[in-house]
Amino acid sequence: MKYPKKIHIGFQEGTCPLKCKKCYAFGGHDKRVKKVQKMPLENAKQLIDEISQWKEVPSVQPSIYTEPFANEDLKEIILYCRKKNVPINIITNGILLDKLWMDFLIEHLNEYSSISFSLDAVTQEIYEKVRGNYSLKKLENKIEYLVNNRGVNGLHVSVNFTYEEDNFHEKEAFLEKWKGKVDAIRITAALDSYKKIPDIYKKEGVVERIKECPYLTENMTIDSCGEVRLCPLDAFGDSYLGNVFDKGIISIWNGGEMAVARKKHKENNLIPEDFCYGCEGGYSIYNFNKVEETEEFVLKISDYAIYYNCKKVQK
């Protein structure tokens with residue numbers, strides 16, 4: 001029996017206060033409109049129940065293409081995950097996070113769960129270009145509050161910088177700004193509208209294709225209706241591997257449709273009709289197959305992304 005290491009679940013989809021141009025759901029890559037859809041709370045608890053019984057319990061990311069704090073059921077979901085000892089991994093733009101929410105997270109999440117802020121900028125001018133009309137300083141203050149008040153065994157706090165043409169020049173400054181202040185810093189390339197690394201960021205000597213995509217071997221994606229998608233880059237449900245409310249999560253993960261998809265990747269036998277055809281996201285960005293250590297960081301490295309895990313966080 002094999003288990004995913006992380007499960008992206010769209011408990012609610014289609015709600016976000018920003019319209020970042022790099023976003024596949026809201027950024028204009030697709031002419032389709034991302035509709036608001038919500039999983040009933042009883043269904044959400046059913047999935048958490050199943051996950052909690054596995055021999056190897058993965059973390060749950062409570063969103064796909066949405067802002068998780070827009071979901072009015074998120075507090076109940078967090079409490080239920082905590083009750084069932086299921087780690088939760090929140091990725092947020094931070095805009096809807098107020099003091100009540102932050103105090104709730106500090107109280108109910110421990111070091112096995114995490115919150116990651118997508119900032120993508122050092123200055124307000126660049127933040128507005130790449131993300132939207134909100135105060136970057138307010139976001140920075142929220143991060144500082146969480147770090148300073150979470151306690152010894154509190155939740156893991158990290159920041160994200162996805163670089164593109166408008167913010168590339170702030171990449172190094174972002175690392176310098178946040179090192180030693182948060183638990184981890186992720187710096188990664190933004191994919192273009194075809195799910196490829198833009199030519200301007202291509203590195204010499206990087207192999208164009210590897211045999212396994214971590215989205216098929218480590219991560220699982222379930223939408224608000226319980227339908228399993230090939231990966232979280234599928235913003236509109238263009239792929240389908242079965243419904244977890246019909247078959248169960250683990251039976252789909254170890255089932256025939258997933259096996260066919262993995263075989264196609266392994267044999268490099270994708271055709272243009274396949275959702276994954278031409279995609280460079282999984283194996284170029286999320287395949288962290290190299291680890292290095294410096295005086296300040298433990299580094300997890302892929303071709304076009306680096307996780308800087310800080311050894312010591314100052315408060």
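Higher on the page you've got the structure.
Thresholds applied
Residues numbered from 1 in each chain as written. Predicted model: local features only at pLDDT ≥ 70, side-chain atom pairs only at ≥ 80, totals over all residues. Heavy atoms only, no water. Salt bridge = Lys/Arg side-chain N within 4 Å of Asp/Glu carboxyl O. Helix = DSSP H or I, 4+ residues; strand = E, 2+ residues; numbered from the N terminus. Buried < 20%, exposed > 50% of the residue type's maximum accessible area, 1.4 Å probe, protein only. 1 Å grid on protein atoms, 1.4 Å probe; cavity = no way out; pocket = protein on both sides within 12 Å on 5 of 7 lines; lining within 4 Å. Points joined across faces, edges and corners; volume = space filled by probe spheres on them.

**Q** Describe the pattern of salt bridges, and please don't skip the residues or the numbers.
**A** Oppositely charged side chains may form a pair once their charged atoms are brought near each other. Overall, the coordinates contain 22 salt bridges when judged by the stated rule. Between E140 and K177 there is a salt bridge, with its nearest N and O atoms 3.6 Å apart. Highlighted residues: E140 in helix α5 (residues 136-149) and K177 in helix α6 (residues 171-178), separated in sequence by 37 residues. Its relative accessible area of 11% is what places E140 among the buried residues. Here E267 makes a salt bridge to K263, at a shortest N to O gap of 2.9 Å.

**Q** Explain empty space enclosed by the protein residue by residue, including any values.
**A** What the rule picks out here adds up to one cavity of 30 Å³ or more. Within this model, the largest cavity holds a volume of roughly 100 Å³. Around the largest cavity, the lining comprises 13 residues; the ones closest to its centre are C213, H265, C276, C279 and G282. If you list the elements that add at least two residues to the lining of the largest cavity, you get α7 (214-217) and α11 (281-285).

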